Each structure stands twice: as C-alpha cells, then as structure tokens.
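Here is what each chain is made of, one letter per residue.
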Amino acid sequence: MVLIISYMVYLVLSVGATVWVARTLHRHGRVFLVDSFLGNEPLADSVNHLLVVGFYLVNFGAAAILINTGGSPSTIADMLKQTVTRIGVVLLVLGFMHFNNLLILRTIRRRDRPMPPINYNPYQPVPGA
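For the structure given in this document, a descriptive report is provided here. (Residues numbered from 1 in each chain as written. Predicted model: local features only at pLDDT ≥ 70, side-chain atom pairs only at ≥ 80, totals over all residues. Heavy atoms only, no water.)

With that out of the way, let us pick up the packing of aromatic side chains. Under the defined criterion, the tally for this structure stands at 1 aromatic pair. Taking 5.5 Å as the distance between ring centres and 10° as the angle between the ring planes, the aromatic pair formed by Y56 and F60 counts as stacked. Taken together, the residues span about one helical turn, with Y56 and F60 both in helix α2 (residues 41-66) at a distance of 4 residues. Accessibility expressed as a relative area gives 22% for Y56, which makes it partly exposed. Sitting over the ring of Y10, R86 keeps its end group 5.9 Å from the ring centre. (Phe/Tyr/Trp six-rings, centres within 6.5 Å; stacked < 30°, edge-to-face > 60°. Helix = DSSP H or I, 4+ residues; strand = E, 2+ residues; numbered from the N terminus. Buried < 20%, exposed > 50% of the residue type's maximum accessible area, 1.4 Å probe, protein only. Lys NZ or Arg CZ within 6 Å of the ring centre and 35° of its normal.)

This is the structure:
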C-alpha cells in the first residue's frame, strides 16, 4: 500500500509542477518570443505552442521513466525519501528544459540582430566628433 501512495503522490506532484511551469512559460514567454522573431506574432504564437507541446512530452516522459526508480519502499520514511528524490529530478529536468529553450531563443535573437563592426572599439572616439 505504501508503494501505491508513493506513486500517487509522485504523479500528482510531477504532473502538477509540469503543467504549472508550462502554463507560466506559455503565458509569460510570448513577449520574449515576439521580440525574438522581430514582431512576427503568428510565428511567435506557433513556436510558443510547439515549445509547450515539446515541454510536456519531454517532462512527462522523464516522469514516467523515473517512477520505476528506487525500488519498493518498506516504510513511510523510505516512501518520502524516494518520492522527494523523484520530484527533485523532475524539477531539475524542468529547469534544464527551460534553460535550453532560453538559450536557443537567445541564439535566434542574436542571429537576427545586426552585429557591430569588426574593429568596433567603444572607447575610441568617433571620427569628426
């Protein structure tokens, strides 16, 4: 019975955390995406939706794999230890996914921005000034 309780607590917490993070990123990441895609709102909304779908797939897949780790707990203390460890790994996967998404979007954003001249020196006075 302890194993069933452990699974239920783990599933509720991991699914809840994944859904909450995905909704938060979807809602608040739109502005960043619109800016990254130079104001192309349809493209930003489409990418935003695709990111959320991919986010769900990776995180639910990781949570499903992690449910089999740790063996069968014999006491409540073992159950809590295993459940907290599993949730910790799920949270790390969520954070890693978020960081990777931001890194990719930063790369896209920088690629579309004009680069300063190669011999650019901010401390050198502008000629004629």
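A few words now on the pattern of salt bridges. Here the structure, examined in full by the defined rule, presents 2 salt bridges. Residues D45 and R30 are paired through a salt bridge, measuring 2.7 Å at the closest nitrogen-oxygen approach. Of this pair, D45 sits in helix α2 while R30 is found in helix α1 (residues 2-36), placing the two residues 15 residues apart along the sequence. Through salt bridges that share partners, R30, E41 and D45 make up one connected network. (Salt bridge = Lys/Arg side-chain N within 4 Å of Asp/Glu carboxyl O.)

What follows deals with the side chain of T83. Checked against the element boundaries, T83 lands in helix α3 (residues 76-112). For T83, a relative accessible area of 5% translates into the label buried. Reaching out from T83, the side chain makes a polar contact with the backbone oxygen of M79 at a distance of 2.8 Å. When neighbours within four sequence positions are excluded, T83 is seen to be in contact with S6, V9 and Y10. (Polar contact = N/O pair within 3.5 Å; in protein donor to acceptor, adjacent residues only side chain to side chain. Contact = heavy atoms within 4.5 Å.)

Fair warning: the whole summary comes from geometry, so function is off the table for now.
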